[in-house]
Every structure is written in structure tokens, then in C-alpha cells.
Amino acid sequence: MTTARNPRSGDGDRAGSPRRRSRVGAATPRRSRPPVPARPAWVPLRRPAPQASPALVLPLVFAGAAVVTLGCWAGPASTTGVAGWLAWAGRLTGLLAGYACAVLLGLMARVPALDRGVGADRLARWHAAGGRLTLGLAAVHMLFATAAHVARSGAGVLEGTLGLILHGPAILAATAGLAILTAVGVVSARAVRRRMRYETWHYLHFLTYGAVYLAFAHQLTGPDFSGDPVTTTFWQALYAGVAAALAWYRFLTPVRRALRHRLRVAGVRLESPTVVSVYVTGRRLDELGAEPGQFFRWRFLAPGMWWSANPYSLSAPANPRFLRITVKAVGDHSRALARLRPGVRVWAEGPYGALTAARRRGPRVLLIGGGVGISPLRTLFETLPGEVTLVYMARRDEELVLRDELDAIAAARGATVHYTVDDLTATTTGHTVPLTGRSLRTLIPGLADHDVYLCGPEGMTAAARHALRRAGVPSRRVHLERFDF
Ligand SMILES: Cc1cc2nc3c(=O)[nH]c(=O)nc-3n(C[C@H](O)[C@H](O)[C@H](O)COP(=O)(O)OP(=O)(O)OC[C@H]3O[C@@H](n4cnc5c(N)ncnc54)[C@H](O)[C@@H]3O)c2cc1C
């Protein structure tokens, strides 16, 4: 480990300006000391962005489920005899599955208040867990409904099942919807998904819109809705609201922004043999409202790249002249960035993410970055007010990218950077800090009073969280960005 504190200061220009640092057209190694501003370079939002905290969102979701359950309980349907109870259980599970579908789509609508408040990675985890629950509810609903139909009609199981499915177009469509949901559930299972390209899985996931659409009509045919304009209007409004949010935030806003900002690649810079920084320019960049720590989904309109939009964090504070990302080559998309040419059009969807200054609860902050997880932390290191310390971990020296900038920021704001590497055979840093509670406590005096921002590979973040717990940092003060949802 080496510690950088107050080295020579920068020359006053912005960190990593593309004019000064990028070699236009191709990624070329270059290692000049980057200039860093004496004061934060990011453009603050004009007004504070609204946020919906997890402590508000989850109770609201469960309250909605309780209302649905109570509505079903108090509904007009008969519960006489076994068939009546089976039908009632079928309706309850069906209504809950229908409600959950709307919630799941709403969570992934990329509503800014949700995204900033809850965080895109946590939303994705909720969505995955909720997806499994919804599929289970829908399957149980079908079983109960079929059993009730068989019990009432007195037909055999096969005949009764077919009779129900073919009862009318709405139920036939819903059955097709359930089949599609099941197929999406199967490809989302970890073991299957791992064998699949991310984009294949992602585009297959869009089929869920069709599945939900197919299932919608039959939801309104049950006794809880028929003849009751209040419940029918409520249900329609729920789905219409979610559809409007999806259309607005996932489709219209990105198009509107692309036309407004007209982003283009300005240059590419090689930071290490496997890491590049891409500089993007455009119009009215200050109006993007991107905060340090946030990310965009980047679609580069270059041959072979336009069909995928990958998430990368800003690695320099957004400013009116450029946006910058710093990316490690791990697969097709990230590898192709090194070949981007200046002028390539860019669609950036965002900003997203909750790893921002708003998470901070006190004036002292520790940033722990592993490998390319330094990207969002680099912007926070420059811009967070208060006392900030950075611990930057990598396996080898050459993986400690953006080091000149970090040293210059440390100098400009009087902050401390601790570099630590695993491989001590060829290092200029020369030290390694084990990720244990004791070593972190020794390194950072008063650690338990810090907010900790954490970003890096899964194993490293898991070890860091464990160490921080041992060091007495409450988990509510550990703010994590995962790169793997
Ligand atoms: C919020 C967030 C911020 C990130 N910021 C950075 C960053 O600043 N620098 C950096 O180097 N990496 C970052 N990543 C990781 C980066 O997105 C992936 O490494 C990259 O998308 C891999 O794509 P690929 O085609 O090169 O590799 P692949 O081999 O296709 O993918 C490798 C893995 O990356 C993930 N991935 C791929 N495509 C996507 C996608 N469109 N959306 C979500 N996950 C995907 C999947 O888990 C996949 O298994 C970030 C990830 C997230 C979720």
C-alpha cells in the first residue's frame, strides 16, 4: 500500500479533459499528469431530485397487496363448498399475481425518483425475487381455478382443464401469457442465464410485456370486477399508470434526450492494457442532471454495437463539455469500446443510480474501490464535501487506473488515497491491506463514524462488507454499487 496525500497540485484545468488527454481516433497509451480543478467540477442539479426511499416503497407495495387481499375477502364471490373455496383461492392468488405483475413492471420502469432513492441494483434484486413469487402465484392460481372448474363441472381432470382453457378467448390468452412468463422464468434461472448472452436474455425478457398484456383481459372477467365500476376502474388505472411510466421513461425519454443532447464520441484513451476511458461530448450536457456516482446505459451507434445498451458509471464529474466513462474489457461490448472512432453517435439512457452524495449521513466518508469499481468513486472522491479517504484495491499495479488523477485530487482537496495491491512481485505501491476489520480500523481512524461507499468485484465487496461489520460500521452507512445485476 502507498498513501498519496498532497502531492504536486494540478494545473487548474478539469480532470481528464478530452482536449488535453485523449488521443482522437484510437486508444493509445499515454501517461501525462492530468490536470484537476481546485474546486468540484460537477454541475449541480437545478433543483433537488425527488427520491423514494426503500423504507417507503416496500411498505407501499405490501399495503397494496393487503388491499387486494381484503378486497377479495370482502368481494361478492361465494365460498360455499369445496369448489367455492377452491375458486376463491384461485381468485385471490390470481389477483395477487396480477397486482404483482403491475408492481414488477413499475419497479423496472426507470422512474427517476425510484431509481435514485432505491438504487437500480436493489430494484433489480426486488424485481428478480418478485418475479419468482409472481410466477408461483400465477401457477397456483391456475391450479386452483382448474380444480374449482373440475369440481363444479364433474368432468375428468383433462377434460375439465381443457374445458376451462377453451372457455373463451380471454382465458386462452391468459394461458398463453402464463406459458410465456414460465419460459422467461426458466431463462432467468441463474444456471440457464449464465449460459446465455446477456442481450439474448434481455430481449427475451421483453416478452413479459406481451405475457402481461395477454393475461390482462381475463383478470377483469372475475366476480370481483364484474359489475363493479370502482374496482374495475382502480385496476385499469393501475395498469394504465404502469404502462404510461414504461412508455415515458423507458422509451420516450431516451429518444427525447438523444435528440436534445446529440451525444457523440470525442475520443478514447487507454488507461491500462484492459481499461479504456471514453469521452463523449454533446449539447446542453449540464441539463442531463448527472450526479457524481451515477451511471448511464450507453448505446454506441457503431457497427455491431447499436443493439446493446450497457451500464457504465461516469468516471469524471459531468460538466458542460464532456462525459467520461472508464471501462474494463470483459466481453464483447466493453472490448469494442477501444475501437470507437470520434464522431460515433451515442444514446445514453440515464442518469441512474443511488450511489450519490445523498446517501451520506455524516461528514466523514471512506471510499473503497476495487479494480474498475474506482469509476464512480473517482467522481465522488473529487466532489463529496467533508473529510474523504479513498482505499483503492487492485490485484496488480497496472490495474490501478486513473492514479494520476486521484493523486491530483488528493492534493487539491487535502484528502488521502491508500493504494493496495495483491500481487507484490512487480509493484511500485509495495503494500497490501488485508480486507479485515482490524486492518481497516488501523488504516482509518474513527472508521465506525464514516459513511462507506463501496464498489468493486463481488468477492471483494463481500469481504469488505464483512470487514466493515467487524469494524463496527453499521450496514445503513455502507453504500454499495454492484456491477453485476
Ligand atoms: C450500475 C452499473 C455500473 C457499471 N459501471 C461500470 C464501469 O464504470 N466500468 C466498467 O468497466 N464496468 C461497469 N459495469 C459493468 C459493465 O456494465 C459490464 O462489465 C459490461 O456491461 C459487460 O458487457 P460485455 O458485453 O463487455 O460483457 P459480457 O460478457 O456480455 O457480460 C459480462 C457480464 O456483464 C453484465 N452485463 C452485460 N451486459 C449488461 C447490460 N446491458 N446491463 C447490465 N449488465 C450487463 C452481465 O452480468 C454479464 O454477465 C457496470 C455495471 C453496472 C450494473
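What you see is a predicted model; the values in this text were computed from it and never measured.

This brings us to helix H11 (residues 229-261). With 33 residues, H11 extends 45 Å between its outermost C-alpha atoms, agreeing within 8% with the 48 Å of an ideal straight helix rising 1.5 Å per residue. The largest bend in H11 is about 40°, located at Leu252, with the proline Pro254 one to four residues further on. On its buried face, H11 is in contact with helix H2 (54-74), helix H3 (81-107), helix H9 (198-205), helix H10 (207-219), strand E2 (263-272) and strand E7 (345-352). Count one or two residues on from H11 and you reach Arg262, which has phi positive near 45°.

Glancing now at the nonpolar core. Val57, Leu107, Leu114 and Trp235 are the most contacted members of the largest nonpolar core, which has 31 residues in total. Those elements giving two or more residues to this core turn out to be H2, H3, helix H4 (112-118), helix H5 (120-153) and H11. Among the elements that line this core, the one with the most residues is H3, at eleven residues. The residues contacting Leu107, other than those within four sequence positions of it, are Val57, Leu114, Leu123 and Trp126. Counting 27 residues, the second-largest nonpolar core is a separate cluster that includes Ala318, Leu337, Val344 and Val346.

Looking now at the site of the ligand. What surrounds the ligand is a group of 20 residues, the closest being Tyr198, Asn310, Pro311, Lys328 and Ser334. One nitrogen or oxygen atom from the main chain of Ser313 is found 3.1 Å from an oxygen atom belonging to the ligand. When the ligand is considered free in solution it has 880 Å² of accessible area, and contact with the protein chains removes 83% of it. Every element with two or more residues in the shell around the ligand is listed here: strand E5 (310-313), strand E6 (323-328) and helix H12 (332-336). At four residues, E5 tops the list of elements feeding residues into the shell around the ligand. The residue makeup of the shell around the ligand, split by class, is ten nonpolar, seven polar and three charged.

A separate point is the sheet that holds E6. Across the sheet, six strands lie side by side as E5-E4-E7-E2-E3-E6; this open sheet has antiparallel pairing. Among the strands making up the open sheet, the edge pair consists of E5 and E6. Along the sheet, successive strands turn relative to each other by an average axial angle of 40°, direction set aside. Here E2 runs beside strand E3 (residues 275-281); their pairing, made up of seven bridges, is antiparallel. Considered in E3, the bridge of Arg269 is made with Ser277. Here H11 sits on the sheet and contacts E2 and E7; the angle it forms with E7, its principal contact strand, is near 125°.

On the surface, a cluster of nonpolar side chains totalling about 470 Å² of accessible area is made up of Val255, Leu259, Leu301, Trp306 and Trp347. Positionally, Trp306 belongs in the loop between strand E4 (295-300) and E5. With a relative accessible area of 53%, Trp306 lands in the exposed category.

In this section: unusual backbone geometry. Looking along the chain, the bond that leaves Gly350 and enters Pro351 is cis, with omega of 0°. Note that Pro351 resides in strand E7. The phi angle at Arg110 is positive, at roughly 60°, despite the residue not being glycine. One can find Arg110 in the loop between H3 and H4. Arg110 sits in the buried class, given a relative accessible area of 14%. Although it is not a glycine, Leu402 sits at a positive phi angle of roughly 60°. Within the secondary structure, Leu402 sits in the loop between strand E9 (387-394) and helix H14 (403-413). Leu402 sits in the buried class, given a relative accessible area of 6%.

How each quantity is defined
- Within each chain, residues carry numbers counting from 1 in the order of the written sequence.
- For a predicted model such as this one, the threshold for reporting local features is a pLDDT of at least 70, and the threshold for listing and counting side-chain atom pairs is 80 or more; totals across whole chains, interfaces and linings nevertheless cover every residue.
- The side-chain values count all of the structure's non-hydrogen atoms but skip hydrogen atoms and water molecules.
- Elements are defined by DSSP. Helices are runs of H or I of four residues or more, strands are runs of E of two residues or more, and each kind is numbered from the N terminus.
- An expected span of 1.5 Å times one less than the residue number is assigned to each helix.
- To get the bend at any residue, fit one axis to the seven residues that end at it and another to the seven that begin at it, then take the angle between the two axes.
- Contacts: residue pairs with any heavy atoms within 4.5 Å of one another.
- Working definition of a nonpolar core: buried Ala, Val, Leu, Ile, Met, Phe, Trp, Tyr and Cys residues. They are joined through side-chain atoms within 4.5 Å.
- Each residue is assigned to one of three classes by its accessible area relative to the maximum for its type, calculated with a 1.4 Å probe on protein chains only: buried under 20%, partly exposed between the two thresholds, exposed over 50%.
- Throughout, near means a residue has at least one heavy atom within 4 Å of the molecule or strand.
- What qualifies as a polar contact is a pair of N or O atoms within 3.5 Å, subject to a donor-acceptor requirement within protein and to the restriction that residues adjacent in sequence count only when both atoms come from side chains.
- The method behind every accessible area is Shrake-Rupley, applied with a 1.4 Å probe, and residues are considered shielded solely by the protein chains displayed.
- Residue polarity is assigned by list, with Asp, Glu, Lys and Arg as charged and Ala, Val, Leu, Ile, Met, Phe, Trp, Tyr, Cys and Pro as nonpolar; anything else, Gly included, falls into the polar class.
- The rule for pairing is simple: two strands pair if DSSP sees at least two bridges between them.
- To define axes, lines are fitted to C-alpha atoms, for helices over the stretch in contact only, and angles between the resulting N-to-C directions are given on a 0 to 180 degree scale.
- Exposure above 30% relative accessible area and the lack of any salt bridge qualify a residue for a patch; like charges then connect within 9 Å, and the nonpolar side chains Val, Leu, Ile, Met, Phe, Trp and Tyr within 5 Å.
- The term salt bridge refers to a pairing of a side-chain nitrogen on Lys or Arg with a carboxyl oxygen on Asp or Glu at a separation within 4 Å.

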